[in-house]
Amino acid sequence: MDLLDAHLIPAVDGVAFGLLLFVVAAGLSLAFGTAGVLNLSHGTLYAIGAYTGAELSDGTWGGLALGLAAGTAAACVAGAGLSAATAPLARRGHLAQALLTFGLALIGGDLLIQFFGADELPVRVPEALDSSVTLLGHRYPAYRLCFIVMAVLLAAFGTWVLTRTRMGAAVRAAADDPQMLAATGHSPRAVHTGVLAAAGALAGAAGVLGAPIIGPGPGTSETVLMLSLVVVVLGGLRSLWATFFAAIAVGEVQTLGVSVAPELAPYLLFAAMAAVLVLRSRFAEPATAHGPEGPAPDPVARLRSHLAGRLRRRPRGAARTGPGPAAEVSGAVKVGGAPDADRAVAVPRAGRSLLPAWTGRLPGGSAWRQAAPLLVLLVVLIALPALLDAYSISLAGSALALGLLAVSVTILTGYAGLPTLGQTAPFAVGAYATANLADAGWTVGPVQIVLSALAAAVFAAVVGPAVIRARGTTVLMITLAVGELTGAVVNQLKSVTGGADGLVGFPATQALWGGEGMLEESELYTYALVVAAVAVAVTLLVLRSPAGKLLTGTRGAEARMRASGHPVGRYLLVAHVCAGALAGVGGSLMVTVQQYLSPADVGFEIAAFALLAVVIGGTTSVVGALLGAGLIVATRDWVAGSWPGHGPLLLGVLFVATVYLLPRGLAGLRGGGSGGGGGPSSDAPRSEDHPPPAPASAPTGKVSP
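The model shown is predicted, which means the values in this text are computed figures rather than measured ones. The residue count restarts for each chain, going from 1 along the sequence in the order it is written. In view of the model being predicted, local features appear only for residues whose pLDDT reaches at least 70, and side-chain atom pairs are presented and counted only at 80 or more, with totals across whole chains, interfaces and linings using the full set of residues. Side-chain numbers here rest on the full set of heavy atoms in the structure, without hydrogens or water.

Caption draft 1: Fine view of helix α19 (residues 521-543). End to end, α19 covers 32 Å across 23 residues, agreeing with the expected 33 Å (1.5 Å per residue, within 8%). Accessibility here uses a 1.4 Å probe with only protein chains present; expressed as a share of the type maximum, an area under 20% marks a residue as buried, one over 50% as exposed, and anything in between as partly exposed. Put simply, DSSP marks the helices as runs of H or I at least four residues long and the strands as runs of E at least two long, and each gets a number from the N terminus on. Listed in full, the buried residues belonging to α19 are Leu 524, Tyr 525, Tyr 527, Ala 528, Leu 529, Val 531, Ala 532, Ala 535, Val 536, Thr 539, Leu 540 and Leu 543. By this rule, a helix spans an expected 1.5 Å times one less than how many residues it contains.

This is how it looks when you write it as structure tokens:
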């Protein structure tokens with residue numbers, strides 16, 4: 001009985017907290033499950049309602065009603081605006097949506113702080129609810145009990161609308177068969193806008209009513225977003241009641257779990273999220289192709305575009321050579337069907353030279369043109385210490401560290417087709433390994449780099465099997481869960497990481513054995529530049545080797561690779577491990593350059609920045625990823641210095657501008673094409689080297705980095 005008394009109030013608090021998350025997650029589930037929009041600004045919609053409700057609250061029923069109406073309406077309008085903003089991205093998949101909505105979240109969060117202030121706002125509820133009632137011998141806030149009743153009624157009403165009304169039927173039809181919906185006289189576009197507006201209204205109403213529980217303040221939107229994502233993943237997209245019970249479970253973990261098992265509670269949510277996603281991907285049908293492009297188009301349309309692309313590429317009168325259609329996947333397909341690099345069937349493309357393959361390895365004009373951007377970038381980086389002040393040089397060193405993280409994301413997203421929001425996990429492993437090695441007296445730079453890369457590679461090998469089978473948005477969510485779990489470990493394992501305070505004061509790194517510790521910004525930058533140049537050179541050599549071509553084949557022609565006997569899973573695991581090692585090198589560089597380390601340096605925001613850097617440069621452009629990282633660091637730390645307090649706003653504008661203006665990144669401008677963000681660019685062959693998508697039974701595409 002004493003145990004029940006001790007945990008009764010936290011248990012009831014968990015129900016109230018879970019129901020608040022349910023109202024928010026119901027909107028997120030509605031936006032993603034029916035409108036197909038991965039909305040990472042959903043937490044900002046909650047914050048709009050919370051700030052508006054808190055500002056209008058005056059302790060009266062009228063103030064509560066006015067705040068509820070205004071907050072819900074404001075978030076509803078924002079949701080409808082989100083529909084217009086995401087409409088141009090309908091064919092570009094969830095990766096572009098995630099980047100756009102994250103940028104909008106940064107902009108919205110900055111504007112809310114500018115308008116309402118940076119301090120948490122007090123919320124005044126009506127006097128009748130600002131009291132406590134007796135619950136099984138304990139006093140409990142009346143407002144929370146009232147909120148529990150309202151949330152249950154909302155769950156019942158939402159289920160009735162979606163399952164028993166014509167409006168709900170239209171919403172379901174818009175998700176399942178928009179062509180049939182249009183044939184009945186309804187506009188799928190109008191339904192899409194209505195769904196996102198309703199999702200925004202739910203988030204805004206939750207913000208107003210939940211402000212006394214999760215008050216409006218810095219970090220509120222991110223907290224609500226992360227917990228809502230966990231609820232949606234655990235509950236799925238098929239049933240509001242499943243979302244309801246998942247939200248209750250999350251609420252109990254956040255309240256009762258903290259009081260019962262405080263050591264385990266921080267890990268439970270994202271561990272459960274990752275486990276559910278992995279199990280779903282294990283029991284789902286294996287994907288035949290993967291990447292950030294989203295759902296596959298109609299098979300007939302794919303076949304038509306495939307045939308049209310082949311006819312365009314064949315010159316007039318050219319005789320067909322080769323053993324059959326599209327036997328052109330790099331990675332060597334043996335005549336008998338098994339992989340064999342020595343007995344590869346090579347089908348030259350129309351317009352290509354018929355000279356022996358080894359002649360293509362000579363440094364001809366095309367090779368020099370491809371290497372020119374990298375050489376120009378290297379010359380500029382070498383000249384920077386003579387052109388910049390000490391602070392700017394230190395920013396350049398940080399950009400190189402973030403650049404290596406971005407290149408590791410390029411390997412996974414652009415080459416392996418595994419879009420990731422969790423590459424900061426091996427980045428953090430490398431960073432904390434270097435800081436602890438330095439603190440233990442291991443201050444030689446090459447030793448730190450090798451051991452940090454090894455630690456990050458081991459970490460990537462451990463989590464890799466949970467990632468490589470999934471595809472598309474599921475990969476994003478699994479890697480996000482891995483990143484958040486790593487962040488929880490960083491905050492809890494204070495003896496190794498320093499917790500929220502981070503690590504500082506460890507000895508400076510020596511460039512080589514017997515040297516002095518590097519303290520000057522120019523020395524640290526030179527060290528970072530040498531390490532980054534070597535790492536990038538090794539990466540490019542691997543990506544342009546036969547192994548790199550095999551990796552690209554797993555993205556563009558996975559079904560054919562599997563059919564020809566290639567161990568695709570093994571290729572992806574090796575790529576994941578190598579990308580993790582490269583991220584570990586970047587983390588090691590960051591610690592060396594900064595001389596301190598905090599959880600914010602390896603958090604979700606840095607993961608989003610790395611993914612943005614990849615999109616800025618082009619998803620398969622190594623040089624572009626480095627340029628994108630430099631642009632992000634310059635915007636965040638240099639340009640924002642001229643406009644203090646508006647760094648998130650500037651970064652948000654950069655996110656939005658990149659998604660709209662650079663659909664294929666800077667490399668797409670160089671290639672003269674435009675298309676989806678996942679298309680080949682720069683370091684990859686030009687767009688004409690990549691045929692249109694083919695049916696799943698015979699995917700096409702010559703693969704090369």
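Caption draft 2: Layout of the nonpolar core. In this description, a nonpolar core means a group of buried Ala, Val, Leu, Ile, Met, Phe, Trp, Tyr and Cys residues linked to one another through side-chain atoms lying within 4.5 Å. Ranked by internal contacts, the top residues of the largest apolar core, which has 160 residues, are Met 273, Leu 589 and Ile 632. Looking at this core, the element that brings in the most residues is helix α14 (residues 390-415), giving 15 residues. Contact criterion: two residues are considered in contact whenever any of their non-hydrogen atoms come within 4.5 Å of each other. Residues within four places of Ile 632 in sequence aside, it is in contact with Leu 402, Phe 609, Leu 612, Ala 613, Ile 616, Leu 651 and Leu 654. In terms of nonpolar packing, the next biggest core, distinct from the first, is built from 11 residues, Val 191, Val 195, Leu 196 and Ala 199 among them.

Caption draft 3: Spatial organisation of the packing of helix α2 (residues 42-56) against helix α4 (residues 93-116). Axes, fitted as lines to C-alpha atoms, cover a helix only where it is in contact. Angles between the N-to-C directions of the axes lie from 0 to 180 degrees. Two numbers describe how α2 lies on α4: the axes approach to 10 Å, and their chain directions differ by 10°. Classified by the interaxial angle, the pair formed by α2 and α4 is roughly parallel. Here α2 and α4 pass one another in a crossing that is left-handed. Seen from α2, the contacting residues are Thr 44, Ala 47, Ile 48, Tyr 51, Thr 52 and Glu 55; seen from α4, they are Ala 105, Gly 108, Gly 109, Leu 112 and Phe 116. Tallied by class, the residues present in the contact of α2 with α4 amount to six nonpolar, four polar and one charged. Roughly parallel covers angles under 35 degrees, roughly antiparallel covers those over 145, roughly perpendicular covers 65 to 115, and oblique covers all other angles. Take the far helix as your reference; a near helix turned counterclockwise from it by less than a right angle gives a left-handed crossing, and one turned clockwise gives a right-handed crossing. Three classes are used, and their members are as follows: Ala, Val, Leu, Ile, Met, Phe, Trp, Tyr, Cys and Pro are nonpolar, Asp, Glu, Lys and Arg are charged, and the others, Gly among them, are polar.

Caption draft 4: View of the pattern of salt bridges. We count a salt bridge whenever a side-chain nitrogen from Lys or Arg sits within 4 Å of a carboxyl oxygen from Asp or Glu. Counted according to the given criterion, the structure contains three salt bridges. For the salt bridge of Arg 144 with Asp 13, the shortest nitrogen-to-oxygen distance reads 3.1 Å. Here Asp 13 lies in helix α1 (residues 2-33) and Arg 144 lies in helix α5 (residues 142-164), a separation of 131 residues in the sequence. We classify Arg 144 as partly exposed; its relative accessible area is 22%. The exposure class assigned to Asp 13 is buried, which follows from its relative accessible area of 18%. Between Glu 558 and Arg 562 there is a salt bridge, with the nearest N and O atoms lying 2.8 Å from each other. A residue pair is termed a helical-turn pair when its members lie 3 or 4 positions apart in one helix, as Glu 558 and Arg 562 do in helix α21 (residues 558-563) at four residues. A relative accessible area of 0% means that Glu 558 is categorised as buried. The class for Arg 562 is partly exposed, based on a relative accessible area of 40%.

Caption draft 5: Examining the environment of Ala 608 more closely. Within the secondary structure, Ala 608 sits in helix α23 (residues 604-617). The class for Ala 608 is buried, based on a relative accessible area of 3%. Separated by 47 residues in the primary sequence, Ala 608 and Phe 655 place their C-alpha atoms 9.7 Å from one another. Aside from chain neighbours lying at most four places away, what touches Ala 608 is Leu 99, Phe 102, Leu 421 and Phe 655.

Caption draft 6: Local environment of the pairing of strand β2 (residues 138-141). Here β2 shows a buried face lined by His 138 and Tyr 140 and an unburied face lined by Arg 139 and Pro 141. Strand direction decides the pairing type here: strand β1 (residues 132-135) and β2, joined by four bridges, are antiparallel. Among the inter-strand pairings, Leu 135 is bridged to a residue of β2, identified as His 138. In this description, strands pair whenever DSSP reports at least two bridges between them. As consecutive antiparallel partners, β1 and β2 are separated by two residues, and within that stretch Leu 136 has a phi angle of approximately 50°, a positive value.

Caption draft 7: Quick look at the packing of aromatic side chains. Each pair of aromatic rings taken from Phe, Tyr and Trp, with Trp reduced to its six-membered ring, is defined by centres within 6.5 Å and is described as stacked if the planes are under 30 degrees apart, edge-to-face if over 60, and tilted in the remaining cases. One pass over the structure, following the stated rule, counts eight aromatic pairs. Consider the rings of Phe 22 and Phe 244, whose centres lie 5.4 Å apart with planes at 80°: the pair is edge-to-face. On the criterion of sequence distance, the pair formed by Phe 22 in helix α1 and Phe 244 in helix α10 (residues 240-260) is long-range, its members being 222 residues apart. Since its relative accessible area comes to 2%, Phe 22 is described here as buried. Residue classification places Phe 244 among the buried positions, given a relative accessible area of 9%. Ring centres of Phe 102 and Phe 604 lie 5.4 Å apart, and the angle between their planes is 80°; this geometry places the pair in the edge-to-face category. One end of the pair, Phe 102, is in helix α4; the other, Phe 604, is in helix α23, with 502 residues separating them in the sequence. Aromatic rings pair up to connect Phe 102, Phe 604, Phe 609 and Phe 655 into one cluster.

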